[in-house]
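Coordinates in review
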Amino acid sequence: MNTKDIEQKEHINKWVEKGCKGTSIAATGIGKTKMGLMAIQHILDQDPNNTALIVIPTENLRDNEWPDEIKKWSMSKYKDRIDIQCIQTVYKWKNYDCSILVVDEVHTTLSYEYRNLYENNRFENMYCLTATPPENDEYRSYLSSFAPIVKKTDTLDALDMELISPYTVYNLAVSFTEDEVKQYNKYDILFNKATNELGGRFSAFQNATKYKTSSDKEKAKWANIFYLSMQKRKKICYNAENKIDIIKKIVNKFPDRKGLIFSESIIFAEELQGALGEECITFHSKMKLKEKKNALKTFGDGRTKTRLISSVKALNAGLNVPECSLGICAAGSSKALDNIQRKGRTLRMVEGKEALYINLYVRGSQEVKWVRKRTKDEFNCKWIESINEIEL
């Protein structure tokens, strides 16, 4: 067996040792989907009446990635005993019973609403998969209550085992336009004023939530100003005009690379696609299913000119295009998990490939803090001021 096979087998063995109930933390490149199928095969082979449910967060995973992996690993003979559903559907189910539940990207299923999946149904065996433990302490505790971690293989482990391509992360500064500076400063001042009125930065968020619908009009006013100014400030950062020009320069600097560009706004994603032309297609939640399938097909087809996808969250996980070696985060949150998921799309092992992942942030804005927080554990991360500092 090769290194990947051995690592996958160790995960499954640990899961079996724990009574076939647990969670594997495995970075992109380890082969989480195959591990999930190995667990399913282990259970389905025990009894011809056993059935499996796979729960995933996106339509792409449901309609493309998991079915393709079932065929790839010669498990089509089980297809009538395997159901694949999105969490948005199954959390509403009650009294459902099956032999094994496999949850892909389990961190997306731990909200109080989605927990109904686990609490209103019965699963004899359970295998959960994710690239990193939930950042929220309460979510992490809840997951441990029914599927404790059995084994962890993080990105550095995968790199050491040569299961992913080597990579470098760059955090690249961008400037606001003059008008954006004025707008940002306006809402930043309002945000800081509201923060002070709500008890200071350590209490403001909690008090804003508490007072948003308060009968005390003064408190309710500042709570709503707090949320409004925070959202306005965030939107200005997310959609900063100069980011489009910088992205154009980056993709032109690397004309032979397939790449993914992540943003937080459909408007920005579509404006970016327009600026990049036929080399780029968009992918977001408002597209019809047929449009999404065509977009992914076009991107994966080496005969077309399309080498870039401008995506809004929908491809944070589950896209498998090994040739993809360029990732650009035009806008993102402070969550390390989002960073790991997005970066992982570019790290699939290809001989000779060295991936580049670039976070854009606006100088002097809240984005500096967001990028610093989500990349604080990156082992090979460089803060730069110009694309000329990006080395091949």
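Let us look at the structure shown here. (Residues numbered from 1 in each chain as written. Predicted model: local features only at pLDDT ≥ 70, side-chain atom pairs only at ≥ 80, totals over all residues. Heavy atoms only, no water.)

1. A word on the overall build of the protein
The criterion, for reference: For helices the rule is a DSSP run of H or I covering at least 4 residues; for strands it is a run of E covering at least 2, with both sets numbered from the N terminus onward. Each radius of gyration reported is based on C-alpha atoms, and the globular scaling rule is 2.2 Å times the count of residues to the power 0.38. With a 1.4 Å probe rolled over the protein chains alone, any residue whose accessible area is under 20% of its type maximum counts as buried; one over 50% counts as exposed, and the rest are partly exposed. In what follows, residue pairs with any heavy atoms lying within 4.5 Å of each other are defined as contacts. His is not counted, nor are the chain ends, whereas Lys and Arg count as positive and Asp and Glu as negative. Charge placement uses NZ in Lys and CZ in Arg. For Asp and Glu, CG and CD serve respectively.
Summing up its helical and strand segments, the protein has 15 helices and 13 strands in all. Its C-alpha radius of gyration of 22 Å places the protein within 12% of the 21 Å reference for a compact globule of 392 residues. Taken across its 392 residues, the protein has 54% of its residues classed as buried. Nonlocal contacts in the protein, meaning residues at least 24 apart in sequence, comprise 77% of its contacts between residues at least 6 apart. Across the protein, the centroid of the 62 positively charged side chains sits 4 Å from that of the 53 negatively charged ones.

2. Brief notes about the sheet that holds strand β7 (residues 167-174)
In plain terms, the rule: For two strands to count as paired, DSSP must find a minimum of two bridges between them. As a rule, the C-alpha atoms of each element are fitted with a line to give its axis, helices using only the stretch in contact, and angles between N-to-C directions run from 0 to 180 degrees.
Taken together, seven strands build an open sheet; the order of strands is β9-β10-β8-β11-β12-β7-β13 and the sheet is parallel. If you trace the sheet from one side to the other, it starts and ends with β9 (280-283) and β13 (381-384), each paired once. When the angles between neighbouring strand axes are averaged without regard to direction, this sheet yields 20°. Across four bridges, the pairing between β7 and β13 is parallel. In the sheet register, Tyr-170 faces β13, and the bridge partner there is Lys-382. In this fold helix α12 (residues 266-276) packs onto β8 (258-263), β9 and β10 (308-312), with an angle of close to 165° to the strand it touches most, β9. Against the sheet, helix α15 (residues 367-374) makes contact with β7, β11 (324-329), β12 (355-362) and β13, and its axis sits at roughly 150° relative to β12, the strand it touches most.

3. Let's talk about helix α2 (residues 32-44)
Here is the rule we go by: For a helix, the expected span equals 1.5 Å multiplied by the number of residues minus one.
Taking 1.5 Å of rise per residue, the 13 residues of α2 would be expected to cover 18 Å, and the 18 Å separating its terminal C-alpha atoms lies within 8% of that figure. The buried fraction of α2 is high, at ten of 13 residues. Those residues of α2 not exposed but buried are Lys-32, Thr-33, Lys-34, Met-35, Gly-36, Leu-37, Ala-39, Ile-40, Ile-43 and Leu-44.

4. Points about the packing of helix α1 (residues 3-17) against α2
Note the threshold: Each angle is binned into one of four classes, with values under 35 degrees roughly parallel, values over 145 roughly antiparallel, values of 65 to 115 roughly perpendicular, and all other values oblique. Here a crossing is taken to be left-handed if its near helix is turned anticlockwise relative to the far helix by less than a right angle, and right-handed if that turn runs clockwise. For this classification, the nonpolar set comprises Ala, Val, Leu, Ile, Met, Phe, Trp, Tyr, Cys and Pro, the charged set comprises Asp, Glu, Lys and Arg, and every other residue, Gly included, is treated as polar.
It is at 10 Å that the axes of α1 and α2 come closest, and there the two elements cross at 45°. Taken together, α1 and α2 sit at an angle that is classed as oblique. Relative to α2, the crossing made by α1 is right-handed. When α1 is examined against α2, the residues Asp-5, Gln-8, Lys-9, His-11, Ile-12, Trp-15 and Val-16 are found in contact with a partner set consisting of Lys-34, Met-35, Met-38, Ala-39, His-42 and Ile-43. Looking at the contact of α1 with α2 residue by residue, the classes come out as seven nonpolar, three polar and three charged.

5. Quick look at the pairing of strand β4 (residues 97-104)
The side chains of a regular strand alternate between the sheet's two faces. Buried residues dominate β4, accounting for seven of its eight residues. Inspection of the sheet shows strand β2 (residues 52-56) paired to β4 by four bridges, in the parallel sense. Among the inter-strand pairings, Val-55 is bridged to a residue of β4, identified as Val-103. Here seven bridges tie β4 to strand β5 (residues 122-130), and the two strands are oriented parallel to one another.

6. Observations concerning the packing of α2 against helix α3 (residues 59-72)
α3 packs onto α2 with a crossing angle of 60° between their chain directions and a minimal axis gap of 10 Å. In terms of orientation, α2 lies oblique with respect to α3. By crossing handedness, the relation of α2 to α3 is classed as right-handed. Residue-level contacts link Thr-33, Lys-34, Gly-36 and Leu-37 of α2 to Trp-66, Glu-69 and Ile-70 of α3. Its residues assigned to classes, the contact of α2 with α3 comprises three nonpolar, two polar and two charged.

7. As for the packing of aromatic side chains
Defined as follows: When the centres of two rings from Phe, Tyr and Trp lie within 6.5 Å, Trp using its six-membered ring, the rings pair. Their planes under 30 degrees apart give stacked, over 60 give edge-to-face, and anything left gives tilted. To sit over a ring, a charge needs its Lys NZ or Arg CZ within 6 Å of the ring centre and within 35 degrees of the ring normal.
Counted according to the given criterion, the structure contains 14 aromatic pairs. With centroids separated by 5.2 Å and ring planes inclined at 65°, the aromatic side chains of Tyr-361 and Trp-383 adopt a geometry described as edge-to-face. Here Tyr-361, found in strand β12, pairs with Trp-383, found in strand β13; they are 22 residues apart in sequence, far enough to count as distant. Among the residues examined, Tyr-361 registers a relative accessible area of 6% and is labelled buried. Here a set of aromatic residues connected by ring pairs shows up, and it is made of Phe-191, Phe-205, Phe-226 and Tyr-227. The ring of Phe-299 has Lys-258 lying over it, and the distance from NZ or CZ to the ring centre is 4.5 Å. One Lys or Arg, Arg-372, reaches over the ring of Trp-383 and ends 5.7 Å from the middle of that ring.

8. Quick look at α15
The condition that has to hold: To be clear, the arc concerns the directions from the helix axis to the C-beta atoms.
Buried within α15 we find Glu-367, Val-368, Trp-370, Val-371 and Arg-374. Down the axis of α15, the buried side of the element spans an arc of 165°, and every buried residue falls inside it.

9. Observations regarding a negative patch on the surface
Rule in force here: A patch consists of residues whose relative accessible area exceeds 30% and which take part in no salt bridge; residues with like charges are grouped when within 9 Å of each other, and nonpolar side chains (Val, Leu, Ile, Met, Phe, Trp, Tyr) when within 5 Å. Areas reported as accessible are Shrake-Rupley estimates using a 1.4 Å probe. Residue values count occlusion only from the protein chains shown. The term salt bridge refers to a pairing of a side-chain nitrogen on Lys or Arg with a carboxyl oxygen on Asp or Glu at a separation within 4 Å.
Taken together, the side chains of Glu-178, Asp-179, Glu-241, Glu-270 and Glu-271 make up a negatively charged region of the molecular surface. Counting only elements with at least two residues in the negative patch, the list comes to α8 (178-197) and α12.

10. Some thoughts on the nonpolar core
Stated precisely, the cut-off is as follows: Put simply, buried Ala, Val, Leu, Ile, Met, Phe, Trp, Tyr and Cys residues joined by side-chain atoms within 4.5 Å make one nonpolar core.
Of all hydrophobic cores here, the largest spans 48 residues; its most connected members are Trp-15, Ile-40 and Ile-82. Ranked by the residues each element gives to this core, the list is headed by α2, at six residues. Other than its neighbours up to four places away in sequence, Ile-82 contacts Ile-40, Leu-44, Ala-52, Ile-54 and Ile-70. If you look at the next biggest cluster of nonpolar residues, it comprises 24 residues, including Leu-272, Leu-356, Ile-358 and Leu-360.

Structural measurements only, silent on function.
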